[in-house]
Amino acid sequence: MTARSTATIVQLDEMLQPPLYAKRGIALVRGEGVWLYDSDGQRYLDLMSNYGVNLLGHAHPRVTAAIVAQAGRLLSCHQSFASDVRAAFLEKLLSLAPHGLVRVFLSNSGAEAVEAALKFAWAVTGRRKIVAARRGYHGRTLGALAATGEPKYRQPFLAVLPEVTHVPYGDAVALETAVDQETAAVILEPVQGEAGIYPADPSFLEAARRITRDRGALLIFDEVQTAFRTGAWFACQHAGVSPDLLCVAKGLANGVPIGATLLTEDVALALPPGVHGSTFGGNPLACAAGLATLQTLEDDHLIPAAKELGAYFRQQLLALRHPLVREVRGLGLMLGVDLKTRATPVLKAMQERGVLALPAGTTVVRLLPPLILTREDIDFAVVRISEALEALRAGSGGGGERD
Ligand SMILES: *Cc1c(COP(=O)(O)O)cnc(C)c1O
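The residue count restarts for each chain, going from 1 along the sequence in the order it is written. With pLDDT at 70 or above as the cut-off, local features in this predicted model cover only qualifying residues; side-chain atom pairs require 80 or more to be listed or tallied, and sums for whole chains, interfaces and linings still use all residues. Water and hydrogen atoms play no part in the side-chain values, which are based on all heavy atoms of the structure.

(A) Expanded view of the layout of surface pockets. Cavities and pockets were defined on a 1 Å grid built over protein atoms only: a cavity is a set of grid points that admits a 1.4 Å probe from which the probe cannot escape, a pocket is an open set flanked by protein on both sides within 12 Å along at least five of seven lines, and lining residues are those with an atom within 4 Å of any such point. Grid points are joined across faces, edges and corners, and a volume is the space filled by probe spheres set on the points. As a volume, the second largest pocket reaches approximately 440 Å³. Residue lining of the second largest pocket: 20 residues in total, with Val104, Phe105, Phe120, Leu263 and Leu271 positioned closest to the centre. For the lining of the second largest pocket, the elements supplying multiple residues, two or more each, are helix 4 (84-96), strand 4 (101-107) and helix 11 (265-269). Strands here mean DSSP runs of E at least two residues long; helices mean DSSP runs of H or I at least four residues long; both are numbered from the N terminus. Sort the elements by how many residues they give to the lining of the second largest pocket and strand 4 lands first, with 4 residues. Class assignment for the residues of the lining of the second largest pocket results in 14 nonpolar, 4 polar and 2 charged. Classification convention: Asp, Glu, Lys, Arg as charged; Ala, Val, Leu, Ile, Met, Phe, Trp, Tyr, Cys, Pro as nonpolar; all other residues, Gly among them, as polar.

(B) Region of interest: the sheet that holds strand 3 (residues 43-46). Between any two strands, at least two bridges found by DSSP are needed for them to pair. Taken together, the 4 strands give an open sheet; going across it, the order is 1-2-3-15, and neighbouring strands pair in mixed fashion. If you trace the sheet from one side to the other, it starts and ends with strand 1 (28-32) and strand 15 (355-356), each paired once. Relative to strand 3, strand 2 (residues 35-38) runs antiparallel, the two sharing 3 bridges. Following the sheet pairing, Leu36 is matched in strand 3 by Tyr44. Contacts are assigned to residue pairs with any non-hydrogen atoms lying within 4.5 Å of each other. Here the axes come from fitting lines to C-alpha atoms, over the contacting stretch only for helices, and the angles between their N-to-C directions go from 0 to 180 degrees. Across the sheet, helix 15 (residues 375-395) lies against strand 2, strand 3 and strand 15, angled at about 105° from strand 3, the strand it touches most.

(C) Representation of the packing of helix 4 against helix 12 (residues 284-299) within the structure. The contact between helix 4 and helix 12 brings their axes to 8 Å, and the two run at 40°. By the angle between their axes, helix 4 is oblique relative to helix 12. As for the relative orientation of helix 4 and helix 12, their crossing is left-handed in sense. Counting all contacts with helix 4, which are made through Val85, Arg86, Ala88, Phe89, Lys92, Leu93 and Leu96, the residues of helix 12 involved are Pro284, Cys287, Ala288, Gly290, Leu291, Leu294, Gln295 and Glu298. The residue inventory of the contact of helix 4 with helix 12, partitioned by class, reads 10 nonpolar, 2 polar and 3 charged. Each angle receives one of four descriptions, namely roughly parallel if under 35 degrees, roughly antiparallel if over 145, roughly perpendicular if within 65 to 115, and oblique otherwise. Put simply, a crossing is left-handed when the front helix is turned counterclockwise from the back one by less than a right angle, and right-handed when it is turned clockwise.

(D) Representation of a nonpolar patch on the surface within the structure. Taken together, the side chains of Leu142, Phe157 and Val160 present a nonpolar region at the surface, about 270 Å² in accessible area. Relative to the assigned elements, Phe157 resides in the loop between helix 7 (151-154) and strand 6 (164-167). Think of it in three bands: with a 1.4 Å probe and only protein chains considered, a residue is buried below 20% of the maximum accessible area for its type, exposed above 50%, and partly exposed in between. Taking relative accessible area as the criterion, Phe157 reaches 38% and is therefore assigned partly exposed. Here a patch means residues that are over 30% exposed by relative accessible area and free of salt bridges, tied together within 9 Å if like-charged and within 5 Å if nonpolar (Val, Leu, Ile, Met, Phe, Trp, Tyr). To measure how exposed things are, a 1.4 Å probe is used in the Shrake-Rupley method; for residues, cover is taken only from the protein chains shown. Salt-bridge detection follows one rule: a side-chain nitrogen of Lys or Arg within 4 Å of a carboxyl oxygen of Asp or Glu.

In structure tokens:
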């Protein structure tokens, strides 16, 4: 490809697509480890991993080798045929899964993993009602959007969305009231991500398990953002609570599109043949990337590393004792810095200082870094975050708020 200026690339990107995303104004062209490079050669420390996708950072040699080898062998293999690499990947994934989850439906994204879970719950229970949490995020296809709590995403589509009851996250009494004999499923994130990084109290997940079991409803955990990142393979393992269905996507293949819905034997065997399917789901390329990702997470001990590095990151952020920081929340390398000001100007100031992170809610700087980052990377990040906060504080007297 011929080299184009940043301005040209950014302009084309905005002109050729509908204006749905808040743009960051730079063009990323290359990544290596925890670093991303823009079209001007400027490098950025990646504390967002593309919304939690790149657990092993960018261009990880093991994942790249697996993708290249599989691309030269077989890219596509419909699920009506068995596949060597798919079988190996599923064996690996299920060996790490919470107790009782023994089968997997494969798709291509987080929303698809959620759609499948909801359809399976409707099909297996023959019931209609779904209960979800306020401020929860489950994706933006119609079924997933129905479960998503954010009014901004839901409002234009209310007339066509399946009915979902939303209860306050963490409120076991409200959940107890909302779930009845008509409820097909309860869907929850073990840590709310988009809402602003709110880890559930283990007792809430235990209550959700008990209530759904008592009423004959299914329990779905949406671990699209939490899987592999919180210091356990799956966040629900911290609480020792296993759902009937579990959704995974984002980090599962380190950047190759993939979605997975894990199921119990009971749910799997109750599904009528043909009720769901996907042309690309379970393709050998994604499975090869997924297998290499899981093997690397295991061989390089990155799950305990996430726990240890997350604790260090949190401690260093708290040590800033910065007046603009209200709270630092999280689990493992899924962290939220809740500010006493809006997050977007701080994110912009961080980007100008070579660090990329994400917003969550209005006031939270969300950190979803690759699990391969080092303490030195964290120290670098904390200095830059501190500088960005200082710049904001210095500018805030003179209408320094920007969007
Ligand atoms: C990102 C996300 C989704 C949707 O995933 P997509 O791949 O964007 O469709 C669903 N649930 C949770 C918890 C997420 O963080």
